[in-house]
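# Analysis of the macromolecular model
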Amino acid sequence: MSTITANPSKSIDNINPDTWKPTNIATLVFIQQNDELLLIRKKRGLGAGKINAPGGKLDYGETIEKCAIRETQEELHVTPHNIIHCGENLFQFTDGYSIHVHNFYTNSFTGQPTETVEATPIWYKIDSIPYEQMWEDDKLWLPLMLAGKKFRGSYLFDGDSLIDYKLDITGSHNLVTT
Ligand code: 6OG
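## Here's the deal with the overall build of the protein
Each helix and strand in the protein was counted, giving two helices and 11 strands. The order of α-helices and β-strands along the protein, N terminus first, is β-β-β-β-α-β-β-β-β-β-α-β-β. Whereas a compact globule of 178 residues would reach a radius of gyration of roughly 16 Å, the protein reaches 15 Å, a difference of no more than 12%. Seen through its principal axes, the protein has C-alpha atoms that stretch 45 × 30 × 30 Å. In the protein, which comprises 178 residues, the proportion classed as buried is 34%. For the protein, the proportion of contacts with a sequence separation of at least 24, taken over those separated by at least 6, is 67%.

Take a look at the structure:
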């Protein structure tokens with residue numbers, strides 16, 4: 001297992017993943033078709049205005065897989081199939097809010113990506129992902145996921161600014177993307 005620690009002087013080591021209780025649990029779903037990734041311009045909610053993947057918060061009693069599929073259907077009118085759980089990220093914000101996000105990846109879906117009140121769908125080439133318009137953490141772990149790695153990250157954010165993080169590669173996945 002490899003560990004990358006960004007800033008030891010403002011460590012997030014006080015976030016113990018075993019005892020940490022997030023305010024919300026949520027999902028993200030990355031759909032790849034050939035050399036393109038289906039992302040969204042998020043219109044509302046946490047991260048509105050940013051480019052992200054479809055996804056959202058878990059409903060009471062729902063599994064993370066059901067949440068991932070439901071949120072993608074609601075936001076884009078697309079149903080992802082055979083989703084693979086590729087990683088998880090623990091986000092702690094300095095104002096006390098926290099969110100645990102599960103990341104899914106697939107190359108299979110049905111439906112036509114459609115704009116909704118929540119999101120505008122945009123296909124991006126894998127080599128032109130607009131990291132500068134995304135949450136600051138994405139450029140750290142998304143390349144790992146696209147390269148076949150599973151991961152677990154913890155991040156400390158002050159508003160939109162990433163203060164510190166820790167990112168571990170936890171394994172590999174075998175999603176065939178070409
Ligand atoms: P709704 O407001 O849509 O749920 N999310 C993050 N995604 C990334 N890539 N980085 C972050 O860094 C994020 N914080 C939250 C998870 C919130 C959605 O926003 C995602 C959910 O899909 C801080 O219900």
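## Re unusual backbone geometry
Positive phi values are uncommon outside glycine, yet asparagine 34 reaches one of about 55°. The backbone phi angle of histidine 77 is positive, close to 60°, even though this residue is not glycine. Topologically, histidine 77 is positioned in the loop between helix H1 (64–76) and strand S5 (79–81).

## Here we look at the site of the ligand
Around the ligand, 16 residues are found, and the nearest of them are Ala26, Gly45, Gly55, Gly56 and Trp135. If you list the elements that add at least two residues to the shell around the ligand, you get strand S2 (24–33) and strand S7 (98–106). Its residues assigned to classes, the shell around the ligand comprises eight nonpolar, five polar and three charged.

## What to know about the pairing of strand S3 (residues 36–42)
Of all seven residues in S3, five are buried; the element is thus mostly enclosed. Across three bridges, S2 lies against S3 in antiparallel orientation. In the sheet register, isoleucine 31 faces S3, and the bridge partner there is leucine 38. Note: S3 against strand S9 (residues 119–125), seven bridges, orientation antiparallel. Bridge pairing in S9 links lysine 42 to alanine 119. Where S3 and strand S4 (residues 51–52) come together, two bridges link them in antiparallel fashion. Each bridged residue has a counterpart across the sheet, and for arginine 41 the counterpart in S4 is isoleucine 51.

## Examining H1
A rise of 1.5 Å per residue sets the reference length of H1, with its 13 residues, at 18 Å; its end C-alpha atoms lie 18 Å apart and thus fit the reference within 8%. Looking only at H1, the buried set comprises Cys67, Ala68, Ile69, Glu71, Thr72, Glu75 and Leu76. Where H1 is buried, its residues contact S2, S3, S5, S7 and S9. In the segment just after H1, histidine 77 is the residue with positive phi, at about 60°.

## Brief notes about helix H2 (residues 138–146)
Every buried residue belonging to H2 is among Asp138, Trp141, Leu142 and Met145, and all of these are buried. Around the axis of H2, the buried residues are gathered within 105° of arc, so they sit on the same side. Where H2 is buried, its residues meet S2, strand S6 (84–93), S7, strand S10 (149–158) and strand S11 (161–172). Just past H2, the residue glycine 148 takes up positive phi, approximately 90°.

## Notes on the environment of glutamate 115
Inspection of the secondary structure puts glutamate 115 in the loop between strand S8 (108–110) and S9. As a C-alpha pair, glutamate 115 and arginine 44 span 71 residues in sequence and 13 Å in three-dimensional space. When neighbours within four sequence positions are excluded, glutamate 115 is seen to be in contact with Thr120 and Pro121.

## Some points on the nonpolar core
In globular proteins that are soluble, nonpolar side chains generally tend to be buried together. With 34 residues, the main nonpolar core has Val29, Phe30, Phe104 and Met145 as its most contacted residues. Those elements that provide at least two residues to this core are S2, S3, H1, S6, S7, H2, S10 and S11. A per-element tally of this core places S2 first, with five residues. Excluding anything up to four places from it in sequence, phenylalanine 104 contacts Thr27, Leu28, Val29, Phe30, Ala68, Ile83, Ile84, His85 and Cys86.

Conventions and cut-offs
Residues numbered from 1 in each chain as written. Predicted model: local features only at pLDDT ≥ 70, side-chain atom pairs only at ≥ 80, totals over all residues. Helix = DSSP H or I, 4+ residues; strand = E, 2+ residues; numbered from the N terminus. Rg over C-alpha atoms; globule rule 2.2 N^0.38 Å. Buried ≥ 20, exposed ≤ 12 C-beta atoms within 10 Å, placed from the backbone. Contact = placed C-beta atoms within 7 Å. Near = placed C-beta within 6 Å. Nonpolar A, V, L, I, M, F, W, Y, C, P; charged D, E, K, R; others polar. Pairing = 2+ DSSP bridges. Expected span 1.5 Å × (residues − 1). Arc of directions from axis to C-beta. Core = buried A, V, L, I, M, F, W, Y, C linked by C-beta atoms within 7 Å.

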